[in-house]
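Architecture at a glance
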Amino acid sequence: MASLLEPPFLSNHQLFSTTHHSLQPQKAIPFYYYVPFSRSSTACSLGLCAVGGNVDSPTLPPPATVVSEEGVQDYKVSLERSKDRRKVVKLAWEKLVRWSRYWRSKAKTDVLERTNKVVVLGGGSFGTAMAAHVAHRKGELEVNMLVRDPEVCQSINEGHCNCKYFPEHELPDNVTATTDAKAALLHADFCFHAVPVQFSSSFLEGIADYVDPGLPFISLSKGLELNTLRMMSQIIPRALKNSRQPYVVLSGPSFALELMKKLPTAMVVASKDKKMANSVQQLLASRNLRINTSSDVTGVEIAGALKNVLAIAAGIVEGLNLGNNSMAALVAQGCSEIRWLATKMGGKSTTLTGLSGTGDIMLTCFVNLSRNRTVGVRLGSGEKLDDILNSMNQVAEGVSTAGAVIALAQKYKVKMPVLTAVARIIDNELTPAKAVYELMNLPQVEEV
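Thresholds applied
- Residues numbered from 1 in each chain as written.
- Predicted model: local features only at pLDDT ≥ 70, side-chain atom pairs only at ≥ 80, totals over all residues.
- Heavy atoms only, no water.
- Helix = DSSP H or I, 4+ residues; strand = E, 2+ residues; numbered from the N terminus.
- Buried < 20%, exposed > 50% of the residue type's maximum accessible area, 1.4 Å probe, protein only.
- Contact = heavy atoms within 4.5 Å.
- Areas by Shrake-Rupley, 256 points an atom, 1.4 Å probe, with all protein chains shown as cover.
- Axes fitted to C-alpha atoms, helices over the stretch in contact; angles between N-to-C directions.
- Parallel < 35°, antiparallel > 145°, perpendicular 65-115°, else oblique.
- Left-handed = near helix turned anticlockwise from the far one by under 90°.
- 1 Å grid on protein atoms, 1.4 Å probe; cavity = no way out; pocket = protein on both sides within 12 Å on 5 of 7 lines; lining within 4 Å.
- Points joined across faces, edges and corners; volume = space filled by probe spheres on them.
- Nonpolar A, V, L, I, M, F, W, Y, C, P; charged D, E, K, R; others polar.
- Core = buried A, V, L, I, M, F, W, Y, C linked by side-chain atoms within 4.5 Å.
- Disulfide = S-S within 2.5 Å.
- Pairing = 2+ DSSP bridges.
- pLDDT = per-residue confidence, 0-100.
- Right-handed = clockwise from strand over helix to strand, strands pointing away.

Before going further, it helps to spend a moment on the overall build of the protein chain. Each helix and strand counted, the protein chain has 17 helices and 10 strands in total. For the protein chain, the proportion of its 448 residues judged to be buried stands at 43%. Long-range contacts, defined here as pairs at least 24 residues apart, represent 68% of the contacts in the protein chain between residues at least 6 apart. Element-wise, carbon and sulfur atoms account for 53% of the exposed surface of the protein chain, whose accessible area totals about 25700 Å².

This is the structure in structure tokens:
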């Protein structure tokens, strides 16, 4: 602070008094000018205060940031790059949208237009969800469900709901049910097969006389026949005694409940007949269901069957509270085992990284809605398999598929330690804890 001058100012900062007419200078009250000194390089401000008064520090501007020309140039370059990047992203998105609109405008709808009747074999959760989805596609479409339970049949026809699986979800008015196979299959344009794998052969043999040789079968069932090791693509034509029965498999990450709620879902249809795959794609694709096509029937079916066994293993890890590291390691190993077997059987490795492979595996292994994962969790928690199965009202295909998987692995000479361990646990020949110990003590190997 510097104080140097004492000007004759009044307290109101006036040089002369306004209450006296003499215009004589009044008694001076000393004031001091002060200059606050600062270490900053900014200019100092001049302050003014009366003697004995408080000195308020003036508000100083923040120190100026010294930026070199090189720094300014770097900032400008960075800004331009950011603008360029945003422009590239915007153009890429607009291009994608234009591409999508173009193909939507070209999309054919003739299959849906000429389809008058669809039959769904089976009254389970997924069969019901698929019936509801197809019915919503076209109000005039007749969707007939062939069920064996008279109570379920009545609830669908009179209450417009499946009392056993979806009592709180209303079905479209054009969904009906029957226990009469002949009536259900009469004049059907497409047939969705949603009967569990282990019961499919006997069921199909019983209705074979009513099946038109040209009726396309769309399989929703995932698994392998235990005694014969057959996939659904082998079971259906054999049971119907028609090797040329049109066949499509539908698979992918899809819980029936979320399909009923019309939540966004993506699946894949696979057929050796590309035209047939495209027809089913047209029939099913909607605003809430994306349908990809594939020609790899074997890859899609094997992935769909084996992921259920892997889901049991994932559930066991959860039930044992082994943590996230072990869960990730187990699922990664299981994915490799599925790929090894599928490719040995003629499937494509790319299929195993798609919706029916990685997509379905992630959903089934990590989400609590999975029936097979639930079985594994309860096994890992110490429950007996028979008690678990008796308490469930839906089929966990992985339980029956596990033994068939190991037989296939032996047939094609593929080592599958994780899935083999699941089969041993299901056969009550190995405890979950012992299985983990044995798997962790396998030889250290090169990743393939």
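Close contact between helix H11 (residues 323-344) and helix H12 (residues 355-366) brings their axes to 11 Å; oriented N to C, the two are set at 140°. Taken together, the axes of H11 and H12 are oblique relative to one another. Between H11 and H12 the crossing geometry is right-handed. The segment H11 lies against H12, with Met-327, Val-331, Cys-335 and Ile-338 engaging Ile-361, Cys-365 and Phe-366.

Moving on to the side chain of Thr-351. By secondary structure assignment, the location of Thr-351 is in the loop between H11 and H12. Discounting residues that sit within four places of it in the chain, Thr-351 has contacts with Asp-296, Gly-299, Val-300, Ser-356 and Gly-357.

Size it by volume and the largest pocket reaches roughly 1600 Å³. Lining the largest pocket we find 50 residues, and of these Gly-124, Ser-125, Arg-371, Gln-394 and Val-395 sit closest to its centre. Secondary-structure elements contributing two or more residues to the lining of the largest pocket are helix H3 (125-137), helix H6 (197-207), strand E8 (247-251), helix H8 (256-260), helix H10 (297-319), H12, helix H13 (371-380) and helix H15 (397-411). Here the residues of the lining of the largest pocket are counted per class, giving 24 nonpolar, 18 polar and 8 charged.

In this section: the nonpolar core. Within the largest apolar cluster, 47 residues are counted, with the highest numbers of intra-cluster contacts made by Leu-224, Leu-306, Leu-310 and Leu-419. In terms of residues, this core owes the most to one element, H10, which gives 12 residues. Contact partners of Leu-419, with chain neighbours within four places excluded, come to Leu-306, Val-309, Leu-310, Glu-337, Ile-338, Val-405 and Ile-406. Ala-132, Val-147, Phe-166 and Ile-218 belong to the second largest nonpolar core, which has 41 residues in total.

Along the polypeptide, Ile-425 turns up in helix H16 (residues 417-426). Apart from residues no more than four positions distant in its own chain, Ile-425 is found in contact with Ile-316, Leu-379, Leu-430, Thr-431, Pro-432 and Ala-435.

Taken as a whole, this structure holds 0 disulfides when the rule is applied. Unpaired in terms of disulfides, Cys-163 finds its nearest cysteine sulfur in Cys-161, a separation of 6.3 Å. You can call Cys-163 partly exposed: its relative accessible area is 30%.

Here we take up the sheet that holds strand E3 (residues 117-121). In space, the 8 strands of this open sheet follow the order E5-E4-E3-E6-E7-E8-E9-E10, with mixed pairing throughout. Two strands lie at the open edges of the sheet, namely strand E5 (175-178) and strand E10 (289-294), each paired on one side alone. Put simply, the sheet's adjacent strands are angled 25° from each other on average, direction ignored. Across 4 bridges, strand E4 (residues 142-146) lies against E5 in parallel orientation. Residue pairing across strands places Asn-144 opposite Thr-176, the latter belonging to E5. Against the sheet, H12 touches E8, strand E9 (265-270) and E10, its axis set at about 140° to E9.

This next bit is on the confidence of the model for the protein chain. Chain-level statistics for the protein chain give a pLDDT mean of 87 and a share of 85% at 70 or above. Here residues 1-46 is modelled with pLDDT under 50, and outside its nearest four sequence neighbours on either side it reaches 75 contacts, counting other chains as well.

What follows covers the pairing of E10. Bridging between E9 and E10 involves 6 bridges; their strand directions are parallel. Counted as the bridge partner of Ala-270 is Ser-294 from E10. Viewed along the sheet, the connection from E9 through helix H9 (residues 274-284) into E10 turns out right-handed.

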